[in-house]
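The residues making up each chain are set out below.
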Amino acid sequence: MNAYIDAKERYAALGVDTEQALEKLQTIPISIHCWQGDDVSGFDRDDALSGGIQATGDYPGKARTPEELMADMDFALRLIPGKHKLNLHASYAIFENGDFADRDQIQPKHFAKWVEFAKQHHAGIDFNPTFFSHPMVKDNLTLSSPDETTRRFWVEHGKRCIEIAEYFATQLGTPCVVNFWIPDGYKDIPADRLSPRARFKQSMDEILSIPYDKNKVLVTLESKVFGIGLESYTVGSAEFCLSYAAQNGLTPLMDNGHYHPTELVSDKISSLLLFYDKIALHVTRPVRWDSDHVVLFDDETREIAKEIVWHDALDRVLIATDYFDASINRISAWVTGVRNVQKALLFALLAPKDELKALQNNNQTTKLMVLQEELKLQPFGAVWEEYLSRQNIPADYLEPILQYEQKVLVNRK
Ligand code: RNT
Ligand code: ZN
């Protein structure tokens, strides 16, 4: 018997419609981060990665130019089912014929090539100002710097990024999510925790004072608990970002590597859904710290997906990936991580959620546990493979990637 037909019947016996789940999954866009392909290097300068984040490993084949990064992304997208968005950083500006512009002066034209690339893929673009890997990051501070020249430079950068985001939205006919994350913080105990946050607040007010179309540009604010070398204090803490977003009509962004290890983003989603129209996520895998490992089909990824799907919040949660592993084939990292987010979503779609919620409400906690455990052993793989085959995507992605590695990646020395 066909494995999918069998799976369909087994799920139907539990009250789950696999066809409905497959339909739904196709409609969920994921904002795929460009920075897995080149270890967050970008193209605008040669500075080392800074800002308390680190890509570790030296696997061959890192993309060195816009052409290489686009070719690699193109290859990865062929192995990822569905229609998605491209997530860019400002540091991926493309300067042609020596037309360099610093971060406070970048313009839409520096991203025209990306628009072309997105059009070829029928994809929208999301965007991120790059407040790191730049000499104007002074003493690990940007928008919260006490040095007015530094602070102004980065305020201008933020404004330019909103303008570029609006350009993406206009060109591509899809809203652009522009995510603000600053690395600002102190390694050791500060004397003044308030003033940097007051300056960050002031800087965000200044950036957001430029006119922009709120239907086209959706501003998100990402918090963080600590960074490498910034262990004692980060300016953009959870409380700061949530409060600022709430007061200013922004969308909060939670990265699941940005909390204390026992805190789970899966437990935070429902609270934010009650207070915000939309929320945004960076899906990653922190191993002991915010290490940005490739996303796996693991408990927390499934739990995050469950919170989105079971609360019917797919149109309110903006899902993006954010990880960077330089120790394995980077294309496989892209495909594995994005597919795992999709698998987690499918897994959540393949559950009798109403029955499970009723069990909770009737305090039938024994049955609730047993049923949730049984769901793990349903023929989920057959449904996933059916999804891939309907989208003409090969289930085996390792072989083509290894061929591409031999043909293309190993030649990048
Ligand atoms: C850093 C944040 C941030 C970055 C990217 C590159 O801890 O997660 O989102 O990873 O912007
Ligand atoms: Zn992030």
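Along each chain, residue indices are assigned from 1 in the same order as the chain's sequence is written. Labels follow written order: the first chain is A, the first ligand is 1, and so on. Reporting of local features is limited, given that this is a predicted model, to residues whose pLDDT is at least 70; pairs of side-chain atoms are given and counted only at 80 or more, and all residues count toward the totals for whole chains, interfaces and linings. With hydrogens and water stripped out, all remaining heavy atoms of the structure feed into the side-chain values.

Participant: Hey, could you run me through the overall build of the protein chain in this one?
Facilitator: Where helices and strands are cited, they refer to DSSP runs of H or I of at least four residues and of E of at least two residues respectively, numbered from the N terminus. The number of helices and strands found in the protein chain is 14 helices and 10 strands. Relative to the compact-globule value of 22 Å for 413 residues, the protein chain shows a C-alpha radius of gyration of 22 Å, a close match. Viewed in the frame of its principal axes, the protein chain has a C-alpha envelope of about 70 × 55 × 40 Å. Counting across all 413 residues of the protein chain, residues that qualify as buried make up 55%. Put simply, 80% of the contacts in the protein chain that link residues at least 6 apart link residues at least 24 apart. Only the C-alpha atoms count toward the radius of gyration. The rule for a globule is 2.2 Å times the residue count to the power 0.38. Type-normalised accessible area, obtained with a 1.4 Å probe on protein chains alone, sets the label of each residue: buried when under 20%, exposed when over 50%, and partly exposed for intermediate values. The contact criterion used throughout is that any non-hydrogen atoms of two residues lie within 4.5 Å.

Participant: Looking at this model, I keep getting lost on the packing of aromatic side chains. Mind explaining?
Facilitator: Any two aromatic rings considered together are summarised by their centre-to-centre distance and by the angle between their planes. For Phe, Tyr and Trp, rings pair up if their centres lie within 6.5 Å, where Trp contributes its six-membered ring, and each pair is then called stacked (planes under 30 degrees apart), edge-to-face (over 60) or tilted (otherwise). Within the structure shown, the criterion is met by 19 aromatic pairs. One aromatic cluster is present, formed by Phe 111, Phe 127, Tyr 167 and Phe 168 through successive ring pairs.

Participant: Looking at this structure, how should I read the coordination of the zinc ion (ligand 2)?
Facilitator: Think of it this way: four donors in a tetrahedron around the metal ideally sit 109.5 degrees apart, and six in an octahedron ideally sit 90 or 180 degrees apart. Here the zinc ion (ligand 2) is held by the protein donor atoms Glu 222 (OE), Asp 255 (OD), His 282 (ND1) and Asp 322 (OD), which lie 2.1 to 2.2 Å from it. Because the angles between the six donor atoms bound to the zinc ion (ligand 2) fall within 72 to 173°, the donor set is best described as octahedral. Water is not among the atoms examined, so metal sites may look incomplete; donors are the N, O and S atoms within 2.8 Å of the metal, or within 3.2 Å for Na, K and Ca. A site with four donors is called tetrahedral when every donor-metal-donor angle falls between 85 and 135 degrees; four donors are called square planar, and six octahedral, when opposite donors sit more than 155 degrees apart and all other angles fall between 65 and 115; any other arrangement is irregular.

Participant: Could you clarify how one ought to interpret the site of ligand 1 in this entry?
Facilitator: Here a residue is considered near a molecule or strand provided that any single heavy atom belonging to it is located within 4 Å of it. In the neighbourhood of ligand 1, the contacting residues comprise Trp 35, Ile 53, His 89, Trp 181, Glu 222, Lys 224, Asp 255, His 258, His 282, Asp 290, Asp 322 and Phe 324. Between N or O atoms, a polar contact is any pair within 3.5 Å; within protein, one atom must be a potential hydrogen donor and the other a potential acceptor, and residues adjacent in sequence are included only when both atoms are from side chains. With respect to ligand 1, the side chain of Glu 222 contributes an N or O atom lying 2.8 Å from an oxygen atom. Here Lys 224 contributes a side-chain N or O atom positioned 2.7 Å from an oxygen atom of ligand 1. Taken together, the residues of the shell around ligand 1 break down into four nonpolar, three polar and five charged. Lys, Arg, Asp and Glu make up the charged group, whereas Ala, Val, Leu, Ile, Met, Phe, Trp, Tyr, Cys and Pro make up the nonpolar group; the residues left over, Gly among them, are polar.

Participant: Before we go on, may I ask you to explain the side chain of His 110 in this structure?
Facilitator: Summarising the element assignment, His 110 is placed in the loop between strand 2 (85-89) and helix 4 (112-120). Not counting the four nearest positions on each side in its chain, His 110 is found in contact with Ala 93, Ile 94, Phe 95, Asp 99, Ala 101 and Gln 105.

Participant: Help me understand the pairing of strand 2, please; the structure alone is not making it clear to me.
Facilitator: Along any regular strand the residues' side chains alternate between the sheet's two faces. With five of five residues buried, strand 2 lies mostly within the body of the structure. Of the two faces of strand 2, both are covered, the one formed by Lys 85, Asn 87 and His 89 as well as the one formed by Leu 86 and Leu 88. Between any two strands, at least two bridges found by DSSP are needed for them to pair. Across three bridges, the pairing between strand 1 (residues 31-33) and strand 2 is parallel. Across the sheet, the residue bridging to Ser 31 is Lys 85, located in strand 2. Taken together, strand 1, helix 3 (residues 66-77) and strand 2 constitute a β-α-β crossover, and its handedness is right-handed. Pairing of strand 2 with strand 3 (residues 124-128), which is carried by five bridges, proceeds in the parallel orientation. Within strand 3, the position partnered with Leu 88 by the bridge is Phe 127. With strands facing away from the observer, any crossover in which the path from the first strand over the helix to the second runs clockwise is taken as right-handed.

Participant: Even after reading the chapter, I still don't get the pairing of strand 10 (residues 317-321), so can you show me in this structure?
Facilitator: Among the five residues in strand 10, four count as buried, and that is most of the element. Sheet topology places strand 9 (residues 279-283) next to strand 10; five bridges connect them, and they run parallel. Residue His 282 lies in a different strand from strand 10, and its bridge partner there is Ala 320. Crossover handedness for the path strand 9 to helix 9 (residues 299-310) to strand 10: right-handed.

Participant: What should I look at first to understand the packing of helix 3 against helix 14 (residues 398-407) in this one?
Facilitator: Describing two packed helices takes the angle between their axes plus the distance from one axis to the other. Angular values range over 0 to 180 degrees, each being the angle between N-to-C directions of two axes fitted as lines to C-alpha atoms, with helices fitted over their stretch in contact. For the pair helix 3 and helix 14, interaxial distance at closest approach is 11 Å and the crossing angle is 160°. With respect to their mutual orientation, helix 3 and helix 14 come out roughly antiparallel. In this structure, the crossing between helix 3 and helix 14 has a hand that is right-handed. Residue-level inspection shows Ala 71, Asp 72 and Phe 75 of helix 3 in contact with helix 14, the latter providing Pro 400, Ile 401 and Tyr 404. Looking at the contact of helix 3 with helix 14 residue by residue, the class counts come to five nonpolar, no polar and one charged. Each angle is binned into one of four classes, with values under 35 degrees roughly parallel, values over 145 roughly antiparallel, values of 65 to 115 roughly perpendicular, and all other values oblique. Handedness of a crossing is defined here by the sense of rotation of the near helix relative to the far one, left-handed for an anticlockwise turn of less than a right angle and right-handed for a clockwise turn.

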